[in-house]
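Coordinate analysis (summary)
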Amino acid sequence: MSVTAGRPPGLAGLLSVQIRVIGALILRELMTRFGRRGGGFIWIFIEPLLFIAMIGTFRYIWRGGVRHDFHPVVFAFASLVPFMMFRHILARAADAVNANRSLLYHRQVTALDVILARNVLEVGVTVTIAIVGLALCGIYLGEWPDNPLLWGFALLLSALLANGIGLLIGAIGSISSFTRLMVRPLMLMMMPLSGAMWMLQDLPPDFREGVLWIPMVSIHEAMREAQFGHRIVSYYDLGYVLVWIIGTTLVGLAAVRAVRRFLNRD
Amino acid sequence: MLALENVWKSYPPHGRERWVLRGLNLVVERGAGVGILGRNGAGKSMLVRLLSGVELPTHGTVRRDMSVSWPLGGAQGTQGSLTGSDNVRFIARIYGLPVERTVSWVRDFVDIGPYFEMPISTYSGGMRSRLVLTLSLLVDFDCYLIDEGLATGDVNFSERFGREIQARLSRSSLIMVLHSPELVRRMCNRAAILDKGELTQYRNVDEALARYKRL
């Protein structure tokens with residue numbers, strides 16, 4: 001019952017090892033996130049419900065002086081999905097290396113693998129919630145997305161941006177317990193800035209250009225246009241988001257590589 | 001061959017620097033059995049981690065042209081919150097072994113009854129090292145790195161494991177960190193002492209043991 005630990009041949013072999021490792025890590029994360037019987041799966045739906053109730057109430061009370069003809073719950077849902085994915089990826093990435101430290105003893109398991117595995121799993125969780133939520137909004141409130149393709153694309157951009165920043169946070173979190181501690185409260189404080197709770201059309205025109213510097217605002221605006229179409233006016237710049245994605249991914253990869261030397265594995 | 005060339009390592013890696021390893025040189029050929037002796041805190045585990053490649057030296061080079069195991073001992077390489085069987089599945093997946101066949105083979109070999117389906121954070125030290133040592137048998141490495149793992153485990157298991165590993169030693173190398181003189185004599189054909197950051201090698205195991213006693 002043994003295999004010979006050979007050297008993987010060339011780039012293709014190396015790539016297949018990394019894919020195998022990330023797959024094994026995702027299964028390992030599933031085990032601790034949801035438990036063997038999957039009972040923990042219920043919990044991933046509780047948190048979004050609480051957030052939807054929060055944003056929905058906020059929208060209901062404060063509409064920026066304008067009446068919109070859409071349901072506040074649908075607004076909350078479309079706004080929440082990218083932000084929730086963002087929050088989960090960053091929070092889980094910060095602790096990824098720490099929680100898997102002893103698995104790094106296997107030479108083919110790297111810090112990059114454990115962070116990527118967590119990011120992929122969180123994207124999967126969010127997409128599951130998104131599909132369930134979309135169906136519920138459609139069936140019970142009659143609100144189907146106006147542009148499903150843009151819906152998916154905005155979600156993809158959100159995943160890639162979160163992945164890039166997640167790599168950076170994961171690298172810093174692997175050597176700094178302060179970062180691991182701060183990332184969750186910081187993400188909550190980011191919520192009002194992310195554009196998840198308000199629309200640019202309700203802001204004074206002078207403000208709009210300013211807040212568009214925040215990449216998450218563009219993603220949320222695109223998401224709402226995908227959901228509501230021309231019932232609202234959206235302002236976004238997805239090219240700018242793409243620049244952020246490339247920038248954060250490169251910096252994140254460099255950071256993960258740079259901390260290798262400092263990972264004490266005890 | 002596995003070789004250290006003028007390897008330096010500072011620890012802790014950030015904060016105030018302290019050189020734990022100061023210019024180590026070591027060559028381990030195929031089939032060699034090397035015992036590493038040293039007091040607690042001398043940097044033996046650090047040395048093993050550098051040899052395995054999970055940690056990088058601050059200065060110097062580690063040359064590795066054979067496959068080397070992960071450092072075997074304690075709970076290293078396993079995940080405490082997962083059950084024994086889930087840990088086996090993880091190892092099987094990352095090394096590309098048939099998953100369920102591997103699980104049943106390990107279950108029989110490690111022989112810890114219902115604990116096999118419990119999180120390994122609930123294991124005793126002995127049970128944990130039984131599992132880790134059994135896992136190491138799944139892969140045919142050219143070189144096994146054992147970090148104080150052999151002393152635990154009852155007689156029955158130790159003999160079973162000893163037979164398996166001895167069968168591999170004809171073609172594999174072994175580098176062991178250990179304290180027990182009998183084990184050094186039985187498993188190693190040479191030994192080295194790590195003290196004050198420097199590694200002194202001895203051709204003769206008994207000479208090394210005598211020197212180690214006087215430390």
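Residues numbered from 1 in each chain as written. Chains lettered and ligands numbered in written order. Predicted model: local features only at pLDDT ≥ 70, side-chain atom pairs only at ≥ 80, totals over all residues. Heavy atoms only, no water.

1. Details of the side chain of A:His106
With respect to the helices, strands and loops of the structure, A:His106 is situated in the loop between α4 (96-99) and α5 (111-141). Accessibility expressed as a relative area gives 0% for A:His106, which makes it buried. When residues no more than four places from it in sequence are discounted, the contact partners of A:His106 are B:Val54, B:Trp70, B:Gly77, B:Phe90, B:Ile91, B:Ile94 and B:Tyr95. (Helix = DSSP H or I, 4+ residues; strand = E, 2+ residues; numbered from the N terminus. Buried < 20%, exposed > 50% of the residue type's maximum accessible area, 1.4 Å probe, protein only. Contact = heavy atoms within 4.5 Å.)

2. Considerations on the sheet that holds strand β6 (residues 143-147) of chain B
All names here are of chain B. What the 5 strands build is an open sheet, ordered β6-β7-β3-β8-β9; its pairing is mixed. Two strands close off the open sheet at either side, each with one partner strand: β6 and β9 (198-202). Averaged over all adjacent pairs, the angle separating strand axes in this sheet is 20°, with direction ignored. Strand direction decides the pairing type here: β6 and strand β7 (residues 173-177), joined by 5 bridges, are parallel. By the bridge assignment, Ile 146 is partnered in β7 with Met 176. (Pairing = 2+ DSSP bridges. Axes fitted to C-alpha atoms, helices over the stretch in contact; angles between N-to-C directions.)

3. Quick word on the pairing of β9(B)
Here is the key point about a regular strand: its side chains alternate between the two faces of the sheet. Residues and elements named next belong to chain B. In the sheet, strand β8 (residues 190-195) pairs with β9 via 5 bridges, with the strands oriented antiparallel. Bridge pairing in β9 links Ala 192 to Gln 201. The turn linking β8 back onto β9 is made up of 2 residues, and Lys 196 within it adopts a positive phi angle of 50°.

4. Some details on the packing of aromatic side chains
We describe a pair of aromatic rings using the distance from one ring centre to the other and the angle between the two ring planes. Residues and elements named next belong to chain B. Counting across every chain of the model gives 11 aromatic pairs over all chains. Ring geometry for Trp 105 and Phe 109: centres 5.3 Å apart, planes at 20°, overall stacked. Residue Trp 105 and its partner Phe 109 are both found in helix α3 (residues 99-110); the two are separated by 4 residues, about one turn of the helix. Each ring, one from Phe 157 and one from Phe 161, has its centre 6.2 Å from the other, and the planes form 15°; the classification is stacked. Of the two residues, Phe 157 and Phe 161 both sit in helix α5 (residues 155-169), 4 residues apart, roughly one turn of that helix. Of the two residues examined, Phe 157 and Phe 161, each falls in the buried class. Aromatic ring contacts, followed pair by pair, group Trp 70, Tyr 95, Phe 141 and Tyr 144 into a single cluster. In this structure, Arg 160 packs its charged tip against the face of Phe 109, placed 5.1 Å from the ring centre. (Phe/Tyr/Trp six-rings, centres within 6.5 Å; stacked < 30°, edge-to-face > 60°. Lys NZ or Arg CZ within 6 Å of the ring centre and 35° of its normal.)

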